[in-house]
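Tertiary structure, described
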Amino acid sequence: MKKQTQMYYGADYNPEQWSKEVILEDMVLMKEAGVNYVSINIFGWVSIQPNETTFDFDFLDWLIDLLYKNDIMIDLANGTASPPAWLVHKYPDMMPMTVHGNRLVHGSRQHYCPTSDVYRQYAAALSSEVAKRYHDHPGIVMWHINNEYTCHIHECYCDRCRSRFQQWLKEKYQTIATLNSAWSTTFWSQSYGDWHEIYLPEEMPTFKNPAQQLDYARFISAMNLEIYQIEKAAIAAYSKEIPFMTNLMGLHKYVDGFKWATEMDVVSWNSYPNPFNEMPYPQFLANDLTRSLKKKPFLIMEQAPSAVNWRAVNGAKKAGQMRLWSYEAIAHGSDGIMFFQWRQSKGGAEKFHSAVVPHGEPKESRVFKESCQFGNELKKLQAVVGTTFIADAAIVFDWENWWALELDAKPRKLKYIHQLSRLYEALSGLNLTVDFVHPDEDISGYSFVIAPNLYSASSSFGKKIEEYVTRGGIFLTNFFSGIVNEHDQVYLGGYPGLFKDVLGLTVEEFYPLKDSMHGQISFDGQTFTTHLWEEVIHLDHATALAHFNNDHLPGVPAITSNQYGDGYAYYIGTELAPADLAIVLTKIIQDNDLHKATEEFIEGTTPVSVTCRKGKDYSLLFLLNHTDSTHQIVLKKKGYSILDETNVTELEVDAKNVQIIKFSHTSDHK
Ligand code: GAL
């Protein structure tokens, strides 16, 4: 398998939109910007297959050779992201159908039904042709399959999807009785006698069966994964040495990233934080989540050099913001930074999306100049490539829980990503670094595991946590966790059924708060405001660390700790502001003598963000200053500043700036 040896830096490149003269000018500009990697042919279908019987690779042959001659590595897409008009015209029923029964038409992109055999066959045929022609071209370093699956189409209600759903359910449950039991169909007289009676969860009078909705979410992710697998297999028939990936979308709800990642050699995501938000924690955490899918370095496959075109107000990235946020990804395990897109389109829906080469004169563009400066700086980061991110703790993350938690007929203001993001903000402030783990993963290597708002989890996960804590692990969970199984059926006997024993408590009743309502809790002599949620907690063996201090729940435990075997299980029965949550986390960390990997390198604590990646015989410390003032860092041993190219023992990190310090394990200098 071809191995990455340098930081990738580049962009989506859509030269079908340009003349050969412009493309030749691009080669010069790419050199200037330090570009060494481009993704091509993502939207190339109609250019290389202008009609059913013609494949025309002349332009792509020329382009691939040109990029190769210019030392630009190629991420070659199979070109299936936007089916051509002739295909849709011939087979209109390959198009997705809305919940109101309307078939979508050609004229945008990603216009295919997730179960369409026509789309699958033609996408496979195109993939074969592309692979046959280019599998041994030395310029190709990656296969880019399709583009952002389910970005636009994450439901389809056509008859074909309905019968495929019935078939998928039959494969899953085997008997209709098993499905009836899993779907709790005795409720509202919903029982089925035959698979053909089952509908997709389309328009219904009121709340739909939640287990049916949950299976539909699994089905959509699975059908799209099938498409990926079909496209990949068509290429793999010709190509063994080039890694496979598709560009994921970080915190995107409709693709179960952990499942998909098993089919990829490299994981990547497209990162579009809103520049108006100085600290976009959801995107910051998506870096860790994407890396965690394979516990290996990942790639930022797309980001905007400045503004996007698809928000109501498309804020521009300020000077330095693109660089700092790119380093945020690198500091958390990325081995490459790519933009959407290289050259700003003249026409089409994305002409006002920023690009490295703008509509105006590139030499006069701040964005182009910053992209050049950053691209050339990345050449110093050779030592970063392939290094392992070191995590201090694990956060349990499950797409299926996300789906289940946010189904109808429950507290609808409780949003998984919002809660995770607040936790992540608290942990980031403490510089406690995290991996995300799937519930089925081995957690025994982590000394601290957090399962935020894990509403739905299997009984085997509950057992795993009991064993983990028994053996000395530290576990933290919070409100509305451990409530239902994978079929959205409540664990009976008092909430949170799955974690009751390990937490040593029972929750009798929930007390959600409306927006204007807040309560208080007292914790270690401090008073914190509660948000969104309170509940009636009864202690079995647990100890209360904080109590609700309200008229309706006076003196009721709010935060608890329970010794279980050799470990401790903690519970927080309300939503806290990140700063308050950080105080609770600090106590857990101190009481259990938990350590951070970065303590080996720096003295004391700092508002600068500190992370560590380890190579074979060296460690890299990333210091990112997101604040508005300079901060002094004192190192515990001598290191080498990769960006300044000097040895250091003490250094200043300027506001919005970055330092990367290399510590050799074998000698005390570079
Ligand atoms: C991504 C997509 C790109 C481009 C970009 C604009 O979602 O993959 O093709 O549309 O958004 O922000």
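All values derive from a computational prediction rather than experimental measurement. Residue numbers restart at each chain and count upward from 1, following the sequence in its written direction. Since the coordinates come from a predicted model, pLDDT governs what is reported: local features require at least 70, and pairs of side-chain atoms require 80 or more to be given and counted, while whole-chain, interface and lining totals use all residues. Excluding hydrogens and water, the side-chain values take into account all heavy atoms of the structure.

1. Description of the overall build of the chain
The helix and strand tally for the chain stands at 17 helices and 26 strands. Radius of gyration: C-alpha atoms only; globule rule: 2.2 Å multiplied by the number of residues to the exponent 0.38. Against the globule reference of 26 Å for 670 residues, the chain gives a C-alpha radius of gyration of 26 Å, in line with a compact fold. The C-alpha extent of the chain, read off along each of the three principal axes, is 75 × 75 × 45 Å. Burial analysis of the chain (670 residues in total) assigns 59% to the buried set. For helices the rule is a DSSP run of H or I covering at least 4 residues; for strands it is a run of E covering at least 2, with both sets numbered from the N terminus onward. Note on classification: 1.4 Å probe, protein chains only; a residue is buried when its accessible area is under 20% of the maximum for its type, exposed when over 50%, partly exposed between these limits.

2. What to know about empty space enclosed by the protein
Cavities and pockets are defined on a 1 Å grid built over the protein atoms alone: a cavity is a set of grid points where a 1.4 Å probe fits but cannot escape, while a pocket is an open set with protein on both sides within 12 Å along at least five of seven lines, and lining residues are those with an atom within 4 Å of any such point. Grid points are joined across faces, edges and corners, and a volume is the space filled by probe spheres set on the points. Under the criterion given, the structure shown has six cavities of 30 Å³ or more. The computed volume of the largest cavity comes to approximately 160 Å³. Around the largest cavity, the lining is made up of 15 residues, and of these Q419, L423, N478, I572 and L581 lie nearest the centre. Contributing elements (two or more residues each) for the lining of the largest cavity: α14 (416-429) and β14 (474-478). Three classes are used: nonpolar for Ala, Val, Leu, Ile, Met, Phe, Trp, Tyr, Cys and Pro, charged for Asp, Glu, Lys and Arg, and polar for all others, with Gly counted as polar. Within the lining of the largest cavity, the residues separate by chemical class into eight nonpolar, five polar and two charged. Roughly 100 Å³ of volume is contained in the second largest cavity. Lining the second largest cavity are 15 residues, and of these L248, M249, G250, H252 and V255 lie nearest its centre. Of the residues belonging to the lining of the second largest cavity, the class tally is eight nonpolar, six polar and one charged.

3. Considering helix α5 (residues 117-134)
A helix's residues, less one, multiplied by 1.5 Å, set its expected span. Between its first and last C-alpha, α5 extends 26 Å over 18 residues, near the 26 Å set by a 1.5 Å rise per residue. Among the residues of α5, those classed as buried are V118, Y119, R120, Y122, A123, A124, L126, S127, S128, V130, A131 and Y134. Buried residues belonging to α5 abut α2 (45-48), α3 (58-69), β3 (73-77), α4 (85-90), β4 (140-144) and α8 (210-236). You can read the cap of α5 off the contacts: a side-chain oxygen lies 3.3 Å from the backbone nitrogen of V118, and it is on S116. In this description, contact between two residues means that some pair of their heavy atoms is separated by no more than 4.5 Å. The definition of a polar contact used here is a pair of N or O atoms within 3.5 Å, where within protein one atom must be able to donate a hydrogen and the other to accept one, and adjacent residues in sequence count solely through side-chain atom pairs.

4. Notes on the sheet that holds strand β21 (residues 567-572)
Here we have nine strands laid out as an open sheet, ordered β12-β11-β13-β14-β21-β20-β19-β16-β17, and mixed in their pairing. Both edges of this open sheet fall to β12 (434-437) and β17 (526-529), since each of them pairs with a single strand only. On average, adjacent strands in this sheet sit at an angle of 20° to one another, irrespective of strand direction. In this sheet, strand β20 (residues 557-564) lies alongside strand β19 (residues 543-548) in antiparallel orientation, the contact comprising four bridges. Paired with A546 across the bridge in β20 is I559. To get an axis, fit a line to the C-alpha atoms, keeping to the stretch in contact for a helix; angles then go from 0 to 180 degrees between the N-to-C directions. Across the sheet, helix α17 (residues 578-591) lies against β13 (448-451), β14, β16 (520-523), β17, β19, β20 and β21, angled at about 130° from β17, the strand it touches most. Strand pairing follows a simple DSSP-based rule, namely that at least 2 bridges must link the two strands.

5. Points about the state of the cysteines
The criterion for a disulfide is a pair of cysteine sulfur atoms lying within 2.5 Å. The tally for this structure, following the rule as stated, stands at zero disulfides. C151 takes part in no disulfide bond, and the closest cysteine sulfur to it belongs to C156, at a distance of 16 Å.

6. Some thoughts on the nonpolar core
Only buried residues count toward a nonpolar core, which is a set of Ala, Val, Leu, Ile, Met, Phe, Trp, Tyr and Cys residues joined through side-chain atoms within 4.5 Å. Counting residues in hydrophobic clusters, the biggest one holds 173 residues, and the most contacted among them are I40, Y327, I330, W342, L381, F397 and F448. Broken down by element, the residue count for this core peaks at eight residues, all from α5. For L381, the contacting residues outside a window of four places in its chain are M7, Y327, I330, I642, L643 and I660. By size, the runner-up hydrophobic cluster in this structure holds 23 residues, among which are C161, L169, Y216 and I220.

7. As for the domain arrangement of the chain
Domain start and stop points were drawn from an automatic or database domain assignment. What the domain assignment reports for the chain is domain 1 (8-155 + 221-385), domain 2 (159-214), domain 3 (393-595) and domain 4 (598-664). Of the residues lining the interface, 10 residues belong to domain 2; the matching set on domain 3 comes to 11 residues. With both chains or domains summed, domain 2 and domain 3 bury close to 840 Å², and 62% of this area falls on carbon and sulfur atoms. The term buried area refers to how much accessible surface (probe radius 1.4 Å) is lost by two components on association, counted for both of them together. Its largest share of buried area at the contact with domain 3, domain 2 owes to F207, Q213 and L214, together 60% of the area lost on that side. By definition, a salt bridge exists where a carboxyl oxygen of Asp or Glu is found within 4 Å of a side-chain nitrogen of Lys or Arg. For the pair domain 2 and domain 3, the number of links is zero salt bridges. Elements with a contribution of two residues or more to the side of domain 2 that touches domain 3: α7 (176-182) and α8.

8. Comments concerning the layout of surface pockets
Considering only enclosed or pocket space, the largest pocket measures out at about 1200 Å³ in volume. Of all elements in the fold, only α2, β7 (268-271) and α10 (281-294) reach the threshold of two or more residues within the lining of the largest pocket. Of the residues in the lining of the largest pocket, the class split is 17 nonpolar, 18 polar and eight charged.

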